[in-house]
Amino acid sequence: MNRLQRLWRNQTQVDFPEVWKTTLKVSAALILIGVVALLVRGVNLGIEFEGGTVWEASAPDVSTADVRDALRDVGQADAKIQFVGGDVLRVRAELDATDASSVAGVSAALAALTGQSIDDISFNSISASWGDEITNKAIRALIVFFIVVAIYITLRLEWRMSLAALVAVAHDIVITVGIYSLFQLEVTPATVIAFLTIMGYSLYDTLVVFDKNRDYQRRSALVGRATYTRIMNTALNTVLLRSVNTTITSVLPVLSMLVIGTLVLGAVTLAEFAVALLIGLLVGTYSSLFVAAPAAAWLKERQPEFVELRERLEARAQSRGTSVHEVEDVAVGPSPSRPAAPKAGSPPRPSQPGTAIPPRPRKRKRR
């Protein structure tokens, strides 16, 4: 049976502690790239945050160089130029609405370039003070989100899991914002809403993992017989199929919204929202399995009771001449990286796939 078939039947045996060694390096590299991009390139904030004036016009046969030359004649050569939906020209300049002459000059230049009347050139001006207000509200919303989530998870589970979940959320934010900075994608209010949405999704996925792990921790057959990391590994293999299915069913509508909104409808707001959601969904699923889980295991393994449990299991394994994993196999099951040893009196397992195990002879009943 291949890996996809085992995943479909929810019979996976992934050795997550071994995988964590690689994924944590990948996360560190992505975070480093994101931080460097933020320091070097910054964030491409939308007009709602920075303030200014934005013009939009239909320009199917106009190039960026033509627009730059036309704006240079009116003193706006540094304006941001973008083509949205293929032929819709968007120009953004740091002009206040009170500077009516400069705004009218840009509108006239774009009208002459595109062969349209000035009335066909739409523009919208936002003051810098309003942009600052939006920025402050976004920051406050993020802080309140973190506080409420920390309190809820602490009351629902415990503070160590709360800390691990917040580390995963911070991981998602840094990587997502880093991608936006690296590719200079515009951050708008729709993007901020998408950020808050994906943080909630990431927390939901993380809490499912933690709740399943807590369920295993309460089972009498496992209490005192396996380390926290080993039980977390079992919980992750149990919820892996659910995480994959949830991600697929969430990504498909977002992809549809991104394709239809961008290519068919030309709705820029839908595209901005969908891109943030798509990145966040993928990163959030990844972090729940490969960031939140190892962070929680690392914190829990340093509790005195779990330190004592590991020492006791190591002593038991040393007395038997085996490893800690083989001692844990008795309670949890076979290790994902090693098949279980055959029981005494049982027929030997086939050494190659496809070899049938001979049936046991039936005992005849005496009449």
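Structural data are supplied above this passage.
Residues numbered from 1 in each chain as written. Predicted model: local features only at pLDDT ≥ 70, side-chain atom pairs only at ≥ 80, totals over all residues. Heavy atoms only, no water.

Q: In this structure, what is going on with helix 5 (residues 100–114)? I would like to understand it.
A: Note: α-helices contain 3.6 residues per turn, so residues at a spacing of three or four share the same orientation. With 15 residues, helix 5 extends 21 Å from end C-alpha to end C-alpha; this agrees with the ideal 21 Å at 1.5 Å per step. Buried residues along helix 5 sit in contact with strand 2 (52–58), helix 4 (64–72), strand 4 (88–93) and strand 5 (122–126). Of the residues one or two after helix 5, G115 is the one with positive phi, at around 75°. (Helix = DSSP H or I, 4+ residues; strand = E, 2+ residues; numbered from the N terminus. Expected span 1.5 Å × (residues − 1). Contact = heavy atoms within 4.5 Å.)

Q: Could you clarify how one ought to interpret the pattern of salt bridges in this entry?
A: Two side chains with opposite charge may pair up if their charged atoms get near one another. Tallied over the full model, the rule gives 11 salt bridges. Where R90 meets E186, a salt bridge forms, and the shortest distance between an N and an O atom there is 3.4 Å. Within this pair, whereas R90 is found in strand 4, its partner E186 is found in strand 6 (residues 186–187), the two being separated by 96 residues in sequence. Take R90 and E186: they sit in the same class, and that class is buried. One salt-bridge network, held together by shared partners, links E56, R90, R92 and E186. (Salt bridge = Lys/Arg side-chain N within 4 Å of Asp/Glu carboxyl O. Buried < 20%, exposed > 50% of the residue type's maximum accessible area, 1.4 Å probe, protein only.)

Q: In this structure, what is going on with the side chain of K300? I would like to understand it.
A: Tracing the sequence through the fold places K300 in helix 10 (residues 268–300). Aside from chain neighbours lying at most four places away, what touches K300 is E158, R160, Y228 and F306.

Q: Please clarify how the sheet that holds strand 4 should be interpreted in this entry.
A: For sheets, the rule is that strands pair by backbone hydrogen bonds, running either parallel or antiparallel. Across the sheet, four strands lie side by side as 3-4-2-5; this open sheet has antiparallel pairing. Single-partner strands in this sheet number two, and they are strand 3 (80–84) and strand 5. Here the average twist between neighbouring strands, direction ignored, is 20°. Strand direction decides the pairing type here: strand 2 and strand 4, joined by six bridges, are antiparallel. Counted as the bridge partner of T53 is A93 from strand 4. In this fold helix 4 packs onto strand 3 and strand 4, with an angle of close to 140° to the strand it touches most, strand 3. Docked against the sheet, helix 5 engages strand 2, strand 4 and strand 5, running at close to 15° with respect to strand 2. (Pairing = 2+ DSSP bridges. Axes fitted to C-alpha atoms, helices over the stretch in contact; angles between N-to-C directions.)

Q: Whenever I open this one, the environment of S243 confuses me. Can you help?
A: With respect to the element layout, S243 can be found in helix 9 (residues 228–264). Judged by its relative accessible area of 1%, S243 is buried. Each C-alpha atom, one on S243 and one on Y286, is 9.5 Å from the other, the two residues being 43 residues apart in sequence. Excluding residues that lie within four positions of it along the chain, S243 makes contacts with D205, T285 and L289.

Q: What is the right way to look at the side chain of S162 in this model?
A: With respect to the helices and strands, S162 occurs in helix 7 (residues 159–182). Separated by 3.2 Å, the side chain of S162 and the backbone oxygen of A150 make a polar contact. In this structure S162 touches V149, A150, I153 and T154, once residues within four positions along its chain are discounted. (Polar contact = N/O pair within 3.5 Å; in protein donor to acceptor, adjacent residues only side chain to side chain.)

Q: Looking at this structure, I do not really get a nonpolar patch on the surface. What am I missing?
A: A cluster of nonpolar side chains, namely V26, L30, I33, L182 and F183, defines an oily patch on the protein surface of about 440 Å² accessible area. In terms of residues, the nonpolar patch owes the most to one element, helix 2 (residues 16–40), which gives three residues. Tracing the backbone through its elements, the reader meets F183 in the loop between helix 7 and strand 6. For F183, a relative accessible area of 57% corresponds to the exposed category. (Patch = residues over 30% accessible without salt bridge, like charges linked within 9 Å, V, L, I, M, F, W, Y side chains within 5 Å. Areas by Shrake-Rupley, 256 points an atom, 1.4 Å probe, with all protein chains shown as cover.)

Q: Before we go on, may I ask you to explain the nonpolar core in this structure?
A: The nonpolar side chains of a soluble globular protein tend to be buried with one another. Counting residues in hydrophobic clusters, the biggest one holds 32 residues, and the most contacted among them are W20, I153, L203, V209, F210, M232 and L236. Breaking this core down by element, the ones donating at least two residues are helix 2, helix 6 (128–156), helix 7, helix 8 (189–217), helix 9, helix 10 and helix 11 (304–320). Here this core gets seven residues from one element, more than from any other, and that element is helix 10. Apart from residues lying up to four places away in sequence, W20 is in contact with T229, M232, L236, L289, F290, A293, P294 and A297. Counting 21 residues, the second largest nonpolar core, distinct from the first, contains F195, V251, L278 and L281. (Core = buried A, V, L, I, M, F, W, Y, C linked by side-chain atoms within 4.5 Å.)

Q: Is there a simple way to think about the packing of helix 4 against helix 5 in this case?
A: Geometry of a packed helix pair, given as the angle between the helix axes and the separation of the axes. Here helix 4 crosses helix 5 at 140°, and the two axes come no closer than 9 Å. On the basis of their axis angle, the class for helix 4 and helix 5 is oblique. Seen from above, helix 4 lies across helix 5 with right-handed handedness. Here helix 4 contributes D66, V67, A70 and L71 to the contact with helix 5, which in turn contributes V106, A109, L110 and L113. Residue composition of the contact of helix 4 with helix 5, grouped by class: seven nonpolar, no polar and one charged. (Parallel < 35°, antiparallel > 145°, perpendicular 65-115°, else oblique. Left-handed = near helix turned anticlockwise from the far one by under 90°. Nonpolar A, V, L, I, M, F, W, Y, C, P; charged D, E, K, R; others polar.)

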